[in-house]
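# Per-entry structural report
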Amino acid sequence: CALLRKRQFFHSHRAQPMAPEQVFSERDSEDEVDDDVADFEDRRMLDDFVDVTKDEKLMMHMWNSFVRKQRVLADGHIPWACEAFSRLHGPDLVHNSALIKCWRLFMIKLIYVLKAEEMNYIQARTHAWNLYHQEGQLTVRIVISKL
């Protein structure tokens, strides 16, 4: 035990030094995800792409961050995830035409796990965000009720 106290140990994911109480504790935190570190690594990885636009990188980062935080693990979760993503980022999407184009193309690429009806519903909800911000809440209810 004395030899272990003299050695320096590091976290395997973050490469940060561990305190002695962390080394000897019963709790193992290596499987936990640090969102800030994961977001930083994701942005760094996406920045390496040279044939991708800034908006495409932003869209990929937003989606990667969302699925990591929501723990989207299976194809069956994708329809829910797309709707929740659209609800969460709707205002950002509708105020950036390039970003909403990226979102639409991304949903098209999910054609094997996302039905056309689901895609249309998500598009209508996202468009409703735009109407909500332009004309008020009553318009959103009218647009959604026509679906």
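Residues numbered from 1 in each chain as written. Predicted model: local features only at pLDDT ≥ 70, side-chain atom pairs only at ≥ 80, totals over all residues. Heavy atoms only, no water.

The name given to the protein chain in an unreviewed UniProt entry is Polycomb protein VEFS-Box domain-containing protein, with Castanea mollissima as the source organism.

With 17 residues, helix H4 (residues 54-70) extends 24 Å from end C-alpha to end C-alpha; this agrees with the ideal 24 Å at 1.5 Å per step. Those residues of H4 not exposed but buried are Asp55, Lys57, Met59, His61, Met62, Trp63, Ser65, Phe66 and Val67. Tucked into the core, H4 has its buried residues touching helix H3 (35-47), helix H5 (78-94) and helix H6 (97-109). Within two residues after H4, Arg71 carries a phi angle of roughly 55°, on the positive side. (Helix = DSSP H or I, 4+ residues; strand = E, 2+ residues; numbered from the N terminus. Expected span 1.5 Å × (residues − 1). Buried < 20%, exposed > 50% of the residue type's maximum accessible area, 1.4 Å probe, protein only. Contact = heavy atoms within 4.5 Å.)

The contact between H3 and H4 brings their axes to 10 Å, and the two run at 150°. If you check the angle between H3 and H4, you find them roughly antiparallel. The crossing of H3 and H4 is right-handed. On the side of H3, the interface is formed by Asp35, Ala38, Asp39, Asp42, Arg43, Leu46 and Asp47, while H4 contributes Lys57, Met60, His61, Asn64, Ser65, Arg68 and Lys69. Counted by class, the contact of H3 with H4 contains three nonpolar, three polar and eight charged residues. (Axes fitted to C-alpha atoms, helices over the stretch in contact; angles between N-to-C directions. Parallel < 35°, antiparallel > 145°, perpendicular 65-115°, else oblique. Left-handed = near helix turned anticlockwise from the far one by under 90°. Nonpolar A, V, L, I, M, F, W, Y, C, P; charged D, E, K, R; others polar.)

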